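Examination of the molecular architecture
Here is how the chains run, residue by residue.
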Amino acid sequence: MRSLKLIVINALTLIIGLGLMSGSVSQRSAEAARFETIPSLQVNRLGNLRGQYLTVLYAVGSRPFISTDSSQITISQVKESRTVYISADSMSLPSVQVEKEGFRPSYNIIVFVVSPQPNYSWVNADGSAPQGMSITNNRMSSLINAINKTDVDSFVAAQGEAGTLQVNLVK
């Protein structure tokens, strides 16, 4: 009886495993399933930061449960990065496509960093650099803020991907 249960469990595990593998392979061959589109962003309230650079990191990361300080964000992977010169109170960034990788999220956080120099590179509190981020000597930041993927998903559900998500960088 015990060996029959073991055979049934192994058979079910094999069937489920093969089903999951075949599903992920078929998604990989479909171009639409490999990318997630993040709508265009309009970053507002930048007036006091003119002359600096805004770097936007579309990343996989986490925030600590206790701290609310944005500089305590830990980023494991930067999927895309965009840098613009701040010349006005509001700056627009075009939509971005981020590649999905199997069961990992395409991104779960968008981090906004204002720096006096254009070549900003993120370094985590433990000194590690996220995968996909080019390392430079510039780690100076005037302001760091972030929004979660859930905020973007809520916006897309209400407005669609063609809309422009408004982000107030300074509260």
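Each remark here, short or long, concerns the structure printed above.
Described below are features of the structure shown in this document. (Residues numbered from 1 in each chain as written. Predicted model: local features only at pLDDT ≥ 70, side-chain atom pairs only at ≥ 80, totals over all residues. Heavy atoms only, no water.)

**As for the nonpolar core**
Residues Leu41, Leu46, Leu54, Val56, Tyr58, Ile110 and Phe112 are the most contacted members of the largest nonpolar core, which totals 23 residues. For this core, the elements supplying multiple residues, two or more each, are β2 (40–44), β3 (53–62), β5 (91–93), β6 (96–99), β7 (109–115), α3 (149–159) and β9 (164–168). One finds Leu57, Ile73, Val113 and Ala146 within the second-largest nonpolar core, a separate group that totals 13 residues. (Core = buried A, V, L, I, M, F, W, Y, C linked by side-chain atoms within 4.5 Å. Buried < 20%, exposed > 50% of the residue type's maximum accessible area, 1.4 Å probe, protein only. Helix = DSSP H or I, 4+ residues; strand = E, 2+ residues; numbered from the N terminus.)

**Quick notes on the pairing of β3**
With eight of 10 residues buried, β3 is to be regarded as a mostly interior element. Of the strand pairs in this sheet, β3 and strand β4 (residues 74–85) are connected by 10 bridges, and their pairing is antiparallel. Residue Ala59 lies in a different strand from β4, and its bridge partner there is Val78. (Pairing = 2+ DSSP bridges.)

**Things to note about the sheet that holds β3**
Spatial strand order, β4-β3-β7-β8: four strands in an open sheet with antiparallel pairing. Pairing within the sheet leaves two strands with one partner each, and these edge strands are β4 and β8 (143–148). With strand direction ignored, the average angle separating the axes of adjacent strands in the sheet is 20°. Packed onto the sheet, α3 meets β7 and β8 and runs at close to 55° relative to β8. (Axes fitted to C-alpha atoms, helices over the stretch in contact; angles between N-to-C directions. Contact = heavy atoms within 4.5 Å.)

**Concerning the environment of Arg34**
Within the secondary structure, Arg34 sits in helix α2 (residues 31–34). Among the residues examined, Arg34 registers a relative accessible area of 24% and is labelled partly exposed. C-alpha of Arg34 to C-alpha of Glu99: the two residues are 65 residues apart in sequence and 5.7 Å apart in space. There is a polar contact of 2.8 Å between the side chain of Arg34 and the side chain of Glu99. (Polar contact = N/O pair within 3.5 Å; in protein donor to acceptor, adjacent residues only side chain to side chain.)

**Comments concerning α3**
Looking at α3, one finds that the buried residues are Lys149, Val152 and Phe155. The arc that holds every buried residue of α3, seen down its axis, measures 125°, which confines them to one face. With respect to the buried face of α3, the exposed residues turned more than 90 degrees away are Thr150, Ala157 and Ala158. (Arc of directions from axis to C-beta.)

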